[in-house]
Amino acid sequence: VQLQASGGGLVQAGGSLRLSCAASGRTFSRYAVGWFRQAPGEARKFVSTIKPSGVSTYYADSVKGRFTVSRDNAKNTVYLQMSSLKPEDTAVYYCAARENNGAAYYSYDYDYNYWGQGTLVTVSS
């Protein structure tokens, strides 16, 4: 699976952005997809994940209630809708994928086998 993240940009605090993660491959519907972010000088951190069916999702506490992850398996794409953005959301955002093996959710970067390049989100105050 090859992943391509897009949709980053500069936004004011309180604004919204939607990131997309487009995947190649005809078996995308078998993959769980996660979003991670890495701020300058910090380690990469978990943001959200969505199971193959799109029914089960999981969020980091820092984004719960503000971010929504969804997917369109027909388009091989996962979305991260980000609202009420804060300056501390500034980071490079990465999407990652792994074949689902029945776990409840995957929130560690070592859970994932495939990674896209990042897309930069900058939130100004």
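The paragraphs below set out a description of the structure included in this document. Computed from a prediction, not measured in an experiment: that's the story for all the values here.

Calculation criteria
- Residues numbered from 1 in each chain as written.
- Predicted model: local features only at pLDDT ≥ 70, side-chain atom pairs only at ≥ 80, totals over all residues.
- Heavy atoms only, no water.
- Buried < 20%, exposed > 50% of the residue type's maximum accessible area, 1.4 Å probe, protein only.
- Helix = DSSP H or I, 4+ residues; strand = E, 2+ residues; numbered from the N terminus.
- Pairing = 2+ DSSP bridges.
- Axes fitted to C-alpha atoms, helices over the stretch in contact; angles between N-to-C directions.

**Observations regarding the pairing of strand β11 (residues 119-124)**
Burial along β11 is one-sided: Thr 119, Val 121 and Val 123 are buried, and none of Leu 120, Thr 122 and Ser 124, which face the opposite way, are. Bridge analysis of strand β2 (residues 9-12) against β11 gives four bridges, and the strand direction is parallel. Opposite Gln 12, over in β11, you have Ser 124 as the bridge partner. Note: strand β9 (residues 91-99) against β11, three bridges, orientation antiparallel. Bridge pairing links Val 92 to Leu 120 in β11.

**Details of unusual backbone geometry**
In the Ramachandran plot, Asn 76 falls in the positive-phi region, its phi being about 55° despite a non-glycine side chain. Relative to the helices and strands, Asn 76 is located in the loop between β7 (67-72) and β8 (77-82). By relative accessible area, Asn 76 is classed as buried at 17%. Phi at Ser 84 takes a positive value of approximately 50°, unusual for a residue other than glycine. For Ser 84, the location among the structural elements is in the loop between β8 and β9.

**A few points about the sheet that holds strand β1 (residues 3-6)**
Strand order in this open sheet of four strands is β1-β3-β8-β7, and the pairing throughout is antiparallel. Edge positions in the sheet fall to β1 and β7, since each has one partner strand and no second. Strand after strand, the sheet turns through a mean of 15° between neighbouring axes, direction not considered. Bridge count between strand β3 (residues 17-23) and β8: six bridges; the pairing is antiparallel. Opposite Cys 21, over in β8, you have Val 78 as the bridge partner.

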